[in-house]
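# Report on the structure
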Amino acid sequence: MFMQSVMLSSMQNYFSVGTLSNNAVWADGLLVFYEVFRLLENAMTTLKGSSVHQFNIEGLARTEAFELDLAYYLGVDWTKTYEPRESVVKYLMHLRHLEKTEPILLVAYIYHLYMGLLSGGQILRKKRIMASKLNFFTKTNGSNPIKGYSVTDFGRHSLYQLKQKLRATLDELALTLDDETKLKLLEESRRVFLLNNEIIKSVRGTTTVVLLKLLFILVVVVILYFCYLLCKNIA
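What this report covers is the structure whose coordinates are included nearby. Quick caveat, the model's predicted, so the values are computed rather than measured.

## What to know about the packing of helix H3 (residues 23–46) against helix H5 (residues 86–101)
Two elements in contact, H3 and H5, have axes separated by 9 Å at closest approach and are oriented at 10 degrees. Looking at the two axes, H3 sits roughly parallel to H5. Each of Val32, Glu35, Val36, Leu39, Leu40, Asn42, Ala43 and Thr46 in H3 lies in contact with H5, whose residues at this interface are Val88, Tyr91, Leu92, Leu95, Arg96 and Glu99.

Here it is as structure tokens:
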């Protein structure tokens, strides 16, 4: 119940009607998560031979996609004036600490964040595209009418297969973990949404938005499935 209440607060702040129709809010949301995904992907690439490296699944990486979208919304020179806000710095410091001391705990962040993009992120993509098509001022360009959606576009890679690979990787990993590590991962799973909530609060224009109920349900399912895979074999 605690994790669900944390997620409800987080989702109420960001995944909203206001976010769907406001490019500035959308871009700011991308900005706060950009370095989190970049750090996780760097860990998945460099920590070879570790459990974290197992999640380096083909087609999952989003760093380049984030950069394409941010350049579209903020301009190609956006990095020249960019400085991560305090809540993002706090998030990154925690992830770096885990990477140095107990990298296995990064799995909680990898699973929740990427499964979120593969599930709820797709709903947001469809809603935003629909809203853009209804906007008479939206610019179109032939068969590719809308840009700025690279983060939620996995190209030739099947969303279903990517989710299945994520689940299977976590399931296989859970079989090798002792009970103490599983409990630590469950605690870190709770922290994922505490930290997400903090950076989402910093997104401009998200103080009076409305929750998308279906998206909330999908993310709760992600949490529950993560907990199930870790807990089912605890003695």
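What follows continues from the structure just given.
## Description of the packing of aromatic side chains
Summed over all chains, the structure comprises 7 aromatic pairs. Ring plane angle 80 degrees and centroid distance 5.0 Å describe the contact between Tyr72 and Tyr73, whose orientation is recorded as edge-to-face. Tyr73 sits in the buried class, given a relative accessible area of 17%. Members of the aromatic cluster, each reached through a chain of ring pairs, are Tyr34, Phe37, Phe66, Trp78, Tyr82 and Tyr114. One cation-aromatic arrangement involves Arg62 over Phe154; the distance from NZ or CZ to the ring centre is 3.9 Å.

## Remarks on the pattern of salt bridges
Inspection of the entire model under this criterion finds 9 salt bridges. Across the pair Arg85 and Asp28 runs a salt bridge whose closest N-O atoms are separated by 2.9 Å. Of this pair, Arg85 sits in the loop between helix H4 (63–74) and H5 while Asp28 is found in helix H3, placing the two residues 57 residues apart along the sequence. Its salt-bridge partner being Glu187, residue Arg190 comes within 2.5 Å of it at the nearest N-O pair. Placement of both Arg190 and Glu187 in helix H9 (residues 179–201) is noted, with a separation of 3 residues, approximately one turn of the helix. A network of salt bridges, in which partner residues are shared, links Glu102, Glu180 and Lys184.

## Side note on the packing of H3 against H4
Interhelical geometry of H3 versus H4 gives an angle of 155 degrees and a closest axis separation of 9 Å. Considering their axes alone, H3 and H4 lie roughly antiparallel with respect to each other. Crossing geometry of H3 relative to H4 is assigned as left-handed. Across the interface between the two elements, Asn23, Trp26, Ala27, Leu30, Leu31, Phe33, Tyr34, Phe37, Arg38 and Glu41 of H3 pack against Thr63, Phe66, Glu67, Asp69, Leu70, Tyr73 and Leu74 of H4.

## Here's the deal with the nonpolar core
Residues Tyr91, Tyr109 and Leu166 are the most contacted members of the largest nonpolar core, which totals 56 residues. At 14 residues, H3 tops the list of elements feeding residues into this core. Those residues in contact with Tyr109 that lie beyond four places of it in its chain are Leu40, Tyr91, His94, Leu95, Leu98, Glu188, Arg191, Val192 and Leu195.

About the criteria used
- Residues numbered from 1 in each chain as written.
- Predicted model: local features only at pLDDT ≥ 70, side-chain atom pairs only at ≥ 80, totals over all residues.
- Heavy atoms only, no water.
- Axes fitted to C-alpha atoms, helices over the stretch in contact; angles between N-to-C directions.
- Helix = DSSP H or I, 4+ residues; strand = E, 2+ residues; numbered from the N terminus.
- Parallel < 35°, antiparallel > 145°, perpendicular 65-115°, else oblique.
- Contact = heavy atoms within 4.5 Å.
- Phe/Tyr/Trp six-rings, centres within 6.5 Å; stacked < 30°, edge-to-face > 60°.
- Buried < 20%, exposed > 50% of the residue type's maximum accessible area, 1.4 Å probe, protein only.
- Lys NZ or Arg CZ within 6 Å of the ring centre and 35° of its normal.
- Salt bridge = Lys/Arg side-chain N within 4 Å of Asp/Glu carboxyl O.
- Left-handed = near helix turned anticlockwise from the far one by under 90°.
- Core = buried A, V, L, I, M, F, W, Y, C linked by side-chain atoms within 4.5 Å.

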